[in-house]
Structure formats: structure tokens, C-alpha cells
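Observations on the three-dimensional arrangement
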Amino acid sequence: MAVAVPVTVPYARYSIRGAHWFLARVLAELLQRSGLTKDKIEGLCVSSFTLAPDTAVGLTQHLGFTLRWLDHIPMGGASGVVALRRAARAVQCGDADIVACIAGDTNHTDSFRLNTATFSQFARDAVYPYGSGGPNASFAFLTAHYMRSYGAEAEDFGKLCVAQRANALKFPYALMKKALTLAEYLSARPIADPLRLFDCVMPCAGAEGFLVLRRERAEELDLAYARVLATIERHNAFPDDPVQYRGGWVLDCDELYRQAGIPPGDIDFVEAYDDYPVITMMQLEDLGFCRKGEGPDFVRRHSFTVDGSFPLNTSGGQLSVGQAGAAGGFLGLVEAIRQVTGQALGGAVADARIGMASGFGMINYDRGLCSGAAILARS
Amino acid sequence: MTAPLLRPKRKNPVLRTRLPTLPPAIRSRVALGLTAAAARGSFELQVCRDCATVQYPPREACCACLSDRLDWRVQNGAGELISETLLRHSQELFFRERVPWRLGMVRLDCGPTVIAYLHGDCPAAPARMRIRACLDRAGQAVLVALPEKETPNMADDRQLREMTCDPKFRKVLVTDGKTAAGQAVVEAVAAAGADLIWVGHAEPWKKLPGFDRLKAIPQVALLPLDVTNSRSVKEIAGEIGGRVDILINTADHHRNFGIASRHGVETARAEMETNYLALLRLAQEFAPAMRARGADGQSSAVAWVNLLSIFALSNFPPHGTYSASKAAALSLAQCLRAEMRASGVRVVNVFPGPIDDEWNQQLLPPKLAPAALAAAIVKALQDGIEDVYPGDVAQEWLARWRDNPKALERELAAGAG
């Protein structure tokens, strides 16, 4: 199975456009860069928080697509990996020849508050009334607990943020354009202890997308493509953990490497879901790069810039590019496709053959429920 | 340790009075089970009748066995603080005006993890806590984590005071100080640290027992308030309305008998005048200013207390017309509660069983001592409760009414003679 045509619609802090506009721009660029006509897109997989009252169904008429296969994936940060899995199965089984996977959101000045206030029934009933801090408060709990349990220090999280900012400076679409030092990270204003300003993603508008198709089809169309070596997803893992210190990846990690037929050491770069750095550290552990609790030590031993010992979030990640709603769940995957197909827009990882993108999403109540990961390889 | 609250400085009249904002009030219907219990001062969670799983947040089905036979059962709230944060940034106005807020994640011994407000005296995680359900300014239940043992000045905690209606350093109007209950309320509120207590007494020329004792309380100021007279209510409201933080309506006209033992409607009309129409008059004249002062600093307007009767729930035929007037007052109090909601001013309804006074002479004990009633009102204000059923009789009637209101009606009819 192949993924091709990684598209990012440039992000904006705020936009007066609707989500439909951003999703239209992704589709337009997917067509233009692939040379395909609309009728050749037989399947569409959509993720968006701000498309309401429409769903993917409304989008077909809004943008004039007639489809054999349609899916709508409301899984936030896990949307990208899950979209890839759904689309690949559809193509594999002959339900569609080519599937466009797209995610995008707009961001008006009050969008983020509205989205947070009504995010889920549990959030509305049992989280939002407590200070209305949104995800900052939820991740503050997870971060404080993780720090206490495994000895992570603010400097460890700061190192990840600083490295990602260095990567972002080379990436044209990143909203953060200024270099960040560890001293600046540590002296930034506190948001929800122990989180500081640069631990938190900036909500913005934007969109991402890619095509899923068979390898032969990609070659026919003369598209640079990546091979899909392995994918996993998991929902509501470890419900009995009193507080989240691991994600669903733990249950599926072995399966991921078994499918790919490679050990973790063969991965050339990782695009981890990074709405807050603590979750990046958990992924390093849960996806087999180090053992549980060794995240802080792993971070101290490695460097994470594009040319570092462990290239991580090579476009700058959401922390430096921005979090464009559901597109945040696509950002890493789209960047991974760029890296292994030699289409990097910013810094390119030297000889990037195999990359991992992982997703994490939906703080329904006290923890992220969806997790997923994909391993892609150069064709 | 919580620093004791200091008496607030005199308000600067030049500064704008901040308008009330509320914490998020929207809840799913199933989550209102928590509010229903918190309104009575109880912390209850859903417990599965089939597999005994205790769950939170509230759900439509048991998360373990999918049964829909879920009962709200009282929990002791014991648990362990596993993580905390000090929130310094919020998306809602209410919190933006009050950050930082201390929040905690507490694993209850009965199973679920809850997110709760964290009292300032709670030690850092990991530590033992007890969880209580409180009503917040929006009138909805929220969970509060308190230290395992009482600490000095606990009630003065800044966050807790945003949820409770503590009379400490507040100005209180007790609408009728002539009744035994009214006098007991004045004394209890004074003992709880109220800054100033206006006490209404209609017909001031009448010398009433106990009144001299009231006058001796330094915070007490007597007012010639007659709640059955619209002009009197209007005048007094014009005089003090903008300063009342807590209004406790103790006015009560109580006569015995139902329908057959009486001729005419005069007694019933008098009961309606004092028990129902007086509430309407007071609400029209005092509520607007209180609504505007719902966020007026440390000693904002916070509560409106109605002294109703357990007879408001179901008619007690030997006191039939009195029951009817209290039922009317209850209905109007619900309207007032809805209208006060946006201001964050809590309407507290008190449903005592028979009070030990002259009009309940013929009722058998247990009867509620006026001092016990007054203590229950002050405790409700301090704990942030909105429905108060003080005393054994009220508790028993409430239990019977909640269990089967029709059965209670029949049981009460049997005593009609």
C-alpha cells in the first residue's frame, strides 16, 4: 500500500474562512499535484472539528465529489493514522481506487473555547466546570504525575521544545518563527503548573492531506510515494490506570514492529504527537525506543533536531507549527511522507528510509483515548 | 494553612461594581444526579445495582456490565490525591477573574478518578483527601477535595468561599425577628460572624419576649419592616437593599386546621399574605439589587433563604391551609431561584418539620427547637447547600416523600380526623 502527495495548507493563527475552505484547498492541491481529476478520487476520509453542522457527507455536495466510499473520523490527534488505516483497507479491498485523506479546521477568535466547552459529555460534566482550563489543565495533571513518578525535569521537556523550534525555523509553514532558548522556555509564563507557555500548542487554522492508493497505481501516475509497512490503533486502553502514564501503544507496539519486520533501531526519524511534550516522552517509551520511565534519560542522551542523533518532529511539530484542529493529527504523518519521499519542505533527515508517525487524541475526560502509529518506508 | 479572612475595607464608591459571571452551568441530564444530591449536602455517585461498580463521570449505563440499573448512593469521599495543578489561565470569564485556581486529580477508594477543586490546605500529592460535592455559583454540583482532617479557618479558603455563602463578614437581613425561629436565626448568624444584621419587626410598639436579648447583640439593627405591607417593603429596600448580602425570610403566619373546621377565607388569606405574597414583595424589591451584587468582592450578595415547611411537600391536613401557603411559597421560591441564577445568588429553601412553638402545641414530639433550626440554616450557608431538611421529622417526611409521594399523601390523610 502506498501514500503519496503530502499536502499542507499554510497555517494561520486566525481565519475568517470556514473549515470547508481549508478542506477545499487541500483537495485542490492534492488534485493539482497528482494530476488527477475529481472523478478519479473515489474515496474520501475527512477529519474536522469545525465542519459542523456538516459532516463528510455535506462536504461531498459542498465540493462536488461523487464517491464510492466515504468516512468521517472524529479522532483528533489520532485521525491521521486511523484515516490511513481505513483508507488502506478500502483500497486493498477494492472499495476505492484512490482515497484522499484530509483534515482541516478553521480558527476564529472564540473557536477554541467553544470547542473545549462542548468537547465531550464527560468534559462538559466533569472537567470544564473546574476552571475551564481546557487541555492545558488535563495535561498539567499528566505532566505533574509523570514528573513525580519518573523524575522528569522541566529542562527535559524544554529540550524537546527547543529542538522542535530549531526544526521549525527551517519549515516555511511554521507559525513560530523565532528561535527558542532553554532559558526562554524556562522563564516563560506559567499556564497550569507545571506547564509553561511553550509546553502548550497554539490553536490555529490550517489543513493537511494525502492520497492512499496501491503502489502500482502510484507508479502509473508517476507519484513519489511511501510504502506503508505497519499501522496500529487502540482506543480506551488501560481504563483502570488511575492517571494516564502510558498510552494504547503499549498494547500494540510489538505488533507494530512485527508487521514492519524491523526493530525500533531501524527507524530513522519519528513524528510523535506533541500537543504537550509529556506525551512525546510517553511515546518514546511506549513505542519501544526506551523502557517505561526511561524517557527523561533518553531525552538527556539524544539530540532531536533534523541532524540530531534522534530526529524528532522534523517540521517543528505542533508545538512550533501550530495545532490546526484535527489537522494536528495529520501533521506528523504528512511530514513523514515528505521525509521518506524526499520532498521535505524544511530540514531533510539525511538518508531517511524509514520513519514513524504516531497519533494520540481525544481527552474525553481525564486522558487521551485514541492512540495509533504507522511506519512508512521509502519506495 | 488558610489565613483567616479579614474584615473587608469599606467599599470604594467610585469603583465600578463587577458584574456577576458564572462557571459553566451546562450538564447532561444524567450528571444532574450529582447536583440533586449536592443540593441536600450529600455526595452521591452512581452505583450499579447488578455488579456494584461505582462510576464517575455519570453515565447512562454501567461501564463494567452495561446495566442501566444505576442508583445514586452516598459515598464517603475518601481517596488519594494523585496529581494537581495550579491553573493560571482559563477560557471562561468567571475563572479568568479569579485565577489562580488549584485543581486536583483524586483516586477515590471506591474506584473512579475524579477531577476536583483542591482546598488550599491539602498537602501535595500523594496525600489522603476527602471529596465533598458542593454547589458552585452556577448552582451545579462540583467536587471539592478537602484535607483529611479539619484545619484552622478552613471555610475562609478563597476557592471554597466562591462556592459557599458563609455569613462571616456579610450583611444579613432577617425579615422577621419576632418569632422564636427568627430570633434564633439572628443569634446564630451573629455567632457565625455576620458583619451587620438587620432585623425586621412589624408593629414596633408591641413588646415581645426575647427582643431585649436581640437588641443587646452589637451587630443587630432593628428595622420597622412589615412584610405584609408593600410600601414598608419598598421603603426598607430603598434604604438597605443595596447592601444586603444574605436575606433570610423568617416571616411566618401559622394557624391550625384545614377546610371543614373553619368558616371563610380570612385565616387562609392572612397565611397567604405572610407566607406567599410577602415572599413575592420581598423578591420584587430586594432581588434586583442582590442580583447586581453577585460578584461584589469578598462579601458579595450570596444567598436568599426561605423558611418554608416540610408541609410544603405534601399537605398536612390538620394544618391544611398553612400547608397550602407553604406549597405556594415553595413554587415561587423555585421561580426566584431560576431568576437569581444568572447572578450566582443562591436561593436556599429550608423545610423544617414542626417547630417547637405555640402553633404546634398539639403535635407530638420530636419537634424542632428554634436554635436547631437556626444552626441548620447557618450550616447550610457555610456548606453551600440549597435544600435543607432540618430535624428528624423533616428527614423522615423527606424520605417517605422521595420513596413514594402518593403513599405519603395517604398516610397524612389518615391523620385528618
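All residue numbers here refer to positions counted from 1 along the written sequence of the relevant chain. Lettering of chains starts at A and numbering of ligands starts at 1, both following the order in which they are written. At least 70 in pLDDT is required for a residue's local features to be given in this predicted model, at least 80 for side-chain atom pairs to be given and counted, and no such filter applies to totals for whole chains, interfaces and linings, which use all residues. Just so you know, side-chain values use all the structure's heavy atoms and leave hydrogens and water out.

**Some details on the nonpolar core**
In plain words, nonpolar cores are sets of buried Ala, Val, Leu, Ile, Met, Phe, Trp, Tyr and Cys residues tied together by side-chain atoms within 4.5 Å. In this scheme, a residue with accessible area under 20% of its type's maximum is buried, one over 50% is exposed, and one in between is partly exposed, where area comes from a 1.4 Å probe on protein chains only. Among the nonpolar cores identified, the biggest contains 99 residues, and Phe289(A), Ile375(A) and Leu143(B) are the most heavily contacted of them. Only DSSP runs of H or I covering at least 4 residues are called helices, and only runs of E covering at least 2 are called strands; the numbering of each starts at the N terminus. Ranked by residues supplied to this core, first place goes to helix H6 (residues 135–150) of chain A with seven residues. Any two residues whose heavy atoms approach within 4.5 Å are treated as being in contact. The residues contacting Ile375(A), other than those within four sequence positions of it, are Arg227(A), Val228(A), Leu229(A), Ala230(A), Leu256(A), Tyr257(A), Ala260(A), Ile262(A), Ile267(A), Ile354(A), Gly355(A) and Met356(A).

**Some thoughts on the domain arrangement of chain A**
Residues and elements named next belong to chain A. Segmentation of the chain into domains, including their bounds, is taken from an automatic or database domain assignment. One can read the domain layout of chain A as domain 1 (2–110 + 205–220) and domain 2 (122–200 + 226–378). Every contact between the two is made by 39 residues of domain 1 and, on the other side, 36 residues of domain 2. Where domain 1 abuts domain 2, roughly 2800 Å² becomes buried across the two surfaces, and 72% of that area is made up of carbon and sulfur atoms. Joining two parts hides part of their accessible area as seen by a 1.4 Å probe, and the buried area is that hidden amount summed over both. Contact with domain 2 buries surface across domain 1, with Pro 6, Tyr 11 and Val 81 losing the most and accounting together for 23% of the total. The rule for a salt bridge is simple: a side-chain nitrogen of Lys or Arg has to be within 4 Å of a carboxyl oxygen of Asp or Glu. Viewed at the interface, domain 2 and domain 1 are joined by two salt bridges. The salt bridge involving Arg 86 is made with Glu 233; its shortest N-O contact spans 2.6 Å. Here a polar contact is recorded for every N or O atom pair within 3.5 Å, except that within protein the pair must consist of a potential hydrogen donor and a potential acceptor, and residues adjacent in sequence are included only if both atoms are side-chain atoms. Put simply, domain 1 and domain 2 have eight residue pairs in polar contact (both at pLDDT 80 or more) between them. Elements with a contribution of two residues or more to the side of domain 1 that touches domain 2: strand S1 (2–12), helix H3 (79–92), strand S4 (98–105) and strand S7 (205–213).

**Things to note about the pattern of salt bridges**
Residue and element names in this part refer to chain A. In total, this model carries 54 salt bridges over all chains according to the counting rule given. A salt bridge links Lys 40 to Asp 39, with the nearest nitrogen and oxygen atoms 3.4 Å apart. Residue Asp 39 is classed as exposed on the basis of its relative accessible area of 52%. Ionic contacts of the salt-bridge type, sharing partners, join the residues Asp 97, Arg 214, Glu 216, Arg 217 and Glu 220 into one network.

**Brief notes about the packing of helix H4 (residues 180–191) of chain B against helix H9 (residues 370–383) of chain B**
Residue and element names in this part refer to chain B. Every axis corresponds to a line fitted to the C-alpha atoms, with the helix fit spanning only the stretch in contact, and the corresponding angles, defined between N-to-C directions, vary from 0 to 180 degrees. Closest axis-to-axis distance for the H4/H9 pair is 8 Å, and the angle between their directions is 50 degrees. In this view, H4 runs oblique relative to H9, as classed from their interaxial angle. By crossing handedness, the relation of H4 to H9 is classed as right-handed. Counting all contacts with H4, which are made through Ala 180, Ala 181, Ala 184, Val 185, Ala 188 and Val 189, the residues of H9 involved are Pro 370, Ala 371, Leu 373, Ala 374, Ile 377 and Val 378. When residues are grouped by polarity, Ala, Val, Leu, Ile, Met, Phe, Trp, Tyr, Cys and Pro land in nonpolar, Asp, Glu, Lys and Arg in charged, and all others, Gly among them, in polar. Residue classes in the contact of H4 with H9 are distributed as 12 nonpolar, no polar and no charged. Roughly parallel here means an angle under 35 degrees, roughly antiparallel means over 145, roughly perpendicular means 65 to 115, and every remaining angle is called oblique. Here a crossing is taken to be left-handed if its near helix is turned anticlockwise relative to the far helix by less than a right angle, and right-handed if that turn runs clockwise.

**Side note on the environment of Ala188(A)**
All names here are of chain A. Inspection of the secondary structure assignment puts Ala 188 in the loop between helix H8 (182–187) and strand S5 (190–192). Using a relative accessible area of 13% as the deciding quantity, one classes Ala 188 as buried. Separated by 107 residues in sequence, Ala 188 and Val 81 have C-alpha atoms that sit 33 Å apart. Residues in contact with Ala 188, not counting those within four places in the same chain, are Arg 196, Leu 197 and Phe 198.

**Observations concerning the interface of chain B and chain A**
Tallying the contact residues gives 36 residues for chain B and 33 residues for chain A. Between chain B and chain A lies a buried interface of about 3100 Å² when both sides are counted; carbon and sulfur atoms form 57% of it. For the chain B face of the interface with chain A, the top three residues by lost area are Arg88(B), Gln91(B) and Ile115(B), together amounting to 22%. If you look at where chain B meets chain A, you find two salt bridges. For Asp193(A), the salt bridge is made with Arg88(B), and the minimal N-O distance between the two is 2.7 Å. The tally of links between chain B and chain A comes to 22 residue pairs in polar contact (both at pLDDT 80 or more).

**Let's talk about the packing of helix H10 (residues 392–403) of chain B against helix H11 (residues 405–413) of chain B**
Residues and elements named next belong to chain B. Following both chains from N to C, one finds H10 and H11 inclined at 125 degrees, their axes separated by 5 Å at the closest point. The orientation of H10 relative to H11 falls into the category oblique. On the side of H10, the interface is formed by Trp 397, Arg 400, Trp 401 and Asp 403, while H11 contributes Pro 405, Leu 408, Glu 411 and Leu 412.

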